[in-house]
2 protein chains.
Amino acid sequence: MATANCSNVASTPKRVAIIGSGNFASAMSIFIGKNAQSRPEFEDQVNMWVFEEEVNGQKLTDIINTTHENVKYLPGIKLPENIKAVPDLTEACQGANLMIFCLPHQFIVRTCQTMIGHFNSKDAYALSMIKGFHIKEGPAIQLVSEHITEHLHVPCASMMGANLANEIALQKFCETTIGCENPAMGSLFKRLLETEDFRVNVTRDFGTVEMCGALKNIVAVGAGFVDGINGGNNTKACVIRLGLVEMVKFVRHFFPQANSTTFFESCGVADLITTCYGGRNRQVAEAFARAFPNKKLENLESEMLNGQKLQGPLTAHEVYDCLIRDQVLDQFPLFATVHRICISEQSPQDLIDILKSQPSSYGVLDD
Amino acid sequence: MATANCSNVASTPKRVAIIGSGNFASAMSIFIGKNAQSRPEFEDQVNMWVFEEEVNGQKLTDIINTTHENVKYLPGIKLPENIKAVPDLTEACQGANLMIFCLPHQFIVRTCQTMIGHFNSKDAYALSMIKGFHIKEGPAIQLVSEHITEHLHVPCASMMGANLANEIALQKFCETTIGCENPAMGSLFKRLLETEDFRVNVTRDFGTVEMCGALKNIVAVGAGFVDGINGGNNTKACVIRLGLVEMVKFVRHFFPQANSTTFFESCGVADLITTCYGGRNRQVAEAFARAFPNKKLENLESEMLNGQKLQGPLTAHEVYDCLIRDQVLDQFPLFATVHRICISEQSPQDLIDILKSQPSSYGVLDD
């Protein structure tokens, strides 16, 4: 969690705004809407910022506000009636002091700029569900939550976990992890999100939580490559294992105060597994490897994802640049190779050579 | 690794015997046969003890020795010609001083008794690929490797990893972990097993390696139950995560010298994932949950596995008894519930309640 003016959690009802309306944001709106309505610490109505688009000749916001269904990104699922789709970002966050960020990380800079001066900064808190890093000049990686805090002057927690949106929407039980340094603020977000089917664990180790959420998408791209060359379960397990080892090493390098137990939370090993078996990064990477070298990732992304964005290749690129800058690229052969395959500098088959040649991890994780 | 007379590794060629001939033993015989033939530290011929049975009116050993194919347990795959199927155990291990144990763990007691006095005890070493514990009276769990050492007076290492046999036989790359206290002995087994498609990492943390191999089958049964009630990827990830946490806790309880990094080896998280997605424990458990309460696990085992044995339910039972004896059952809700479902005391659906009610794992793994 990034630090800012983080005082006691106020007892007046909080106004909640969901910034984003994709597949995952829509699934989260089910829990948020339900809890906002039933729990006194939140105002009943929840605005959800929807990037306006036309679906079958109608505005998406109008469809959501009349049918209570996000027909484009979460079709077939009813959203609570107190979720109000708002096409204008400044209006959506007007007066809000609990802001839930849930959008592709490439949009965060402009989104924050637009919001300044429109939300209620008194006792305001933010929660980021964004997977990725904010890369800027300087020696360190900036977490998306830190970027939000820097620009909005609001403390920001993060939430990551094994949470495929479509399964959540079908009320299949799952867990998630909130990383938040301030326990009262963490409890408030837990109250906003937890339901019988969605268990929220809170940890103070915010950096590990957020980094895991970003890095696992790189590993999932690698797992998809293995699927695309018919590598099998054993080989895929090698990729996931080596990916986990590199995740741990990466987090420790950039966030030395990381707590090892956080990797055993939902945001760690559980999210990694789910993403490597069921997520869209894996799916598109598999198609890319099957078609290699005839299709580009960007084209497959638009062909296959119906407007959703891929995070893995972008994160792989950002991580690659960081590793070069810090002169530690050779310690992260999997991350590096995934990036090079994404940009067609290497072939999916080359990933197997990396698995064969990597040093034994034994001892690598010892401090 | 259990300790015994473990002196230097001799330079005269070692005679290798494979004790067992099931699906996994047959897959391993491909590597062992190849390396025995090409590397000077091993005798060329490798005996493989085959529990004799008739297949289409012919003896299985005759089929293997003429067609070089284990038509029952690894059909369609050629074994090296220097692998000789031997139906008599005492003859199979005659003069051997490298013994590879690869059979269901319920057979280990009688197998060891039969072998006494028949192998070459000079500079002899054993390697156990057996998944399970040997439970006897007393305060501690006995590893299968320790049982072998106690009865044969031979140091015994163990090997576990993300190694589905059919994929290995198709030469899909994978890794494994050998746990062995004596580095020279560990290197010798690495030389016997490692090929370009099968990477062997050696660690001295033998107890963690062997315990992981046994415990992961309990988790895989739980994962299969979730599949059987259509739980989805998120819920299955909860089971795997909680299973991993209980594996770590269990190993630390019974083997306090465990090294945490071993869980990041192939024998740890990689084997767990592979088994929970691709193994036979998962498969039969799924069928059990779908048919619940109309079929017993034993019946499904014989219907579905063509003579192979399930390890998960047996290990769950053994672990359950240990946890009761040590009065720590309440710290292992997943392991306990899996066992109770296996014996139909609870229903597969009850597993979801365990996931919902378990305490946050945060802090649980801190020492």
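Rules of the game
Residues numbered from 1 in each chain as written. Chains lettered and ligands numbered in written order. Predicted model: local features only at pLDDT ≥ 70, side-chain atom pairs only at ≥ 80, totals over all residues. Heavy atoms only, no water. Helix = DSSP H or I, 4+ residues; strand = E, 2+ residues; numbered from the N terminus. Rg over C-alpha atoms; globule rule 2.2 N^0.38 Å. Buried < 20%, exposed > 50% of the residue type's maximum accessible area, 1.4 Å probe, protein only. Contact = heavy atoms within 4.5 Å. Areas by Shrake-Rupley, 256 points an atom, 1.4 Å probe, with all protein chains shown as cover. Least-squares fit on C-alpha atoms with pLDDT ≥ 70 in both. Lys, Arg positive; Asp, Glu negative; His and termini not counted. Salt bridge = Lys/Arg side-chain N within 4 Å of Asp/Glu carboxyl O. Polar contact = N/O pair within 3.5 Å; in protein donor to acceptor, adjacent residues only side chain to side chain. Buried area = accessible area lost by both parts, 1.4 Å probe. pLDDT = per-residue confidence, 0-100. UniProt positions renumbered as here; feature names shortened; annotations may be inferred. Domains from an automatic or database assignment.

Peer 1: Break down the overall build of chain A for me, citing the residues and quoting the values.
Peer 2: Secondary structure assignment for chain A yields 15 helices and 12 strands. For 367 residues, the compact-globule estimate of 2.2 N^0.38 gives 21 Å, and the C-alpha radius of gyration of chain A, at 20 Å, lies within 12% of that figure. For the C-alpha atoms alone, the extent of chain A along its principal axes is close to 60 × 50 × 40 Å. Taken across its 367 residues, chain A has 63% of its residues classed as buried. Put simply, of all contacts in chain A between residues at least 6 apart along the chain, 74% involve residues at least 24 apart. Just so you have it, chain A exposes about 13300 Å², and 48% of that area is on carbon and sulfur atoms.

Peer 1: Run through the relation of the copies chain A and chain B, naming residues and quoting values.
Peer 2: You can overlay chain A on chain B at an RMSD of 0.0 Å; the transform is a turn of 180° with a shift of 0.0 Å along its axis. Viewed as a symmetry operation, the transformation between the two copies matches a two-fold axis. The rotation axis passes nearest to the C-alpha of A:I273 in chain A, at a distance of 3.8 Å. Of all interface residues in chain A, 100% are interface residues in chain B too; the two copies therefore contact each other through one and the same surface.

Peer 1: Describe the side chain of A:D205, naming the residues involved and giving the relevant values.
Peer 2: Residues and elements named next belong to chain A. As for its position among the elements, D205 is in the loop between β12 (198-203) and α8 (206-228). It turns out D205 is buried and unbridged, and the closest side chain with the opposite charge, R252, is 9.3 Å from it. Among the polar contacts listed, one links the side chain of D205 to the backbone nitrogen of N259, at a separation of 3.0 Å.

Peer 1: Can you explain the interface of chain A and chain B? Please cite residues and give values.
Peer 2: At the interface, 51 residues of chain A touch 51 residues of chain B. The contact between chain A and chain B buries some 4400 Å² in all, and 54% of this surface belongs to carbon and sulfur atoms. On inspection of chain A and its partner chain B, the count reaches 8 salt bridges. In this structure, A:R241 engages B:E175 in a salt bridge whose closest nitrogen and oxygen atoms are separated by 2.7 Å. Viewed at the interface, chain B and chain A are joined by 18 residue pairs in polar contact (both at pLDDT 80 or more). Of all the secondary-structure elements, those providing two or more residues to the side of chain A that touches chain B are α6 (165-169), β11 (174-179), β12, α9 (232-254), α10 (266-278) and α15 (350-357) of chain A.

Peer 1: Requested: an account of the confidence of the model for chain A, with residues and values cited.
Peer 2: Residues and elements named next belong to chain A. On average, residues of chain A score 93 in pLDDT, and 94% of them reach the 70 mark or higher. For residues 1-10, every residue scores under 50 in pLDDT, and the model assigns this stretch 35 contacts once sequence neighbours within four places are set aside. Scored as a whole, the predicted complex attains pTM 0.93, and scored at its interfaces, ipTM 0.93.

Peer 1: For the UniProt feature "active site" (unreviewed entry) in chain A, give the residues involved together with the corresponding values.
Peer 2: Residue and element names in this part refer to chain A. Residues given the UniProt feature "active site" (unreviewed entry) here are K216. Structurally, K216 is set in helix α8. By relative accessible area, which is 5% here, K216 ends up buried.

Peer 1: Just give me the short version of the domain arrangement of chain A, but keep the residues and values in it.
Peer 2: All names here are of chain A. According to the domain assignment, chain A contains domain 1 (14-204) and domain 2 (208-356). Inter-centroid distance (C-alpha atoms) of domain 1 to domain 2 is 25 Å. In this assembly, 30 residues from domain 1 lie in contact with 32 residues from domain 2. For the pairing of domain 1 and domain 2, the buried interface totals around 2500 Å² over both sides, and the portion due to carbon and sulfur atoms is 62%. Put simply, domain 1 and domain 2 have 0 salt bridges between them.

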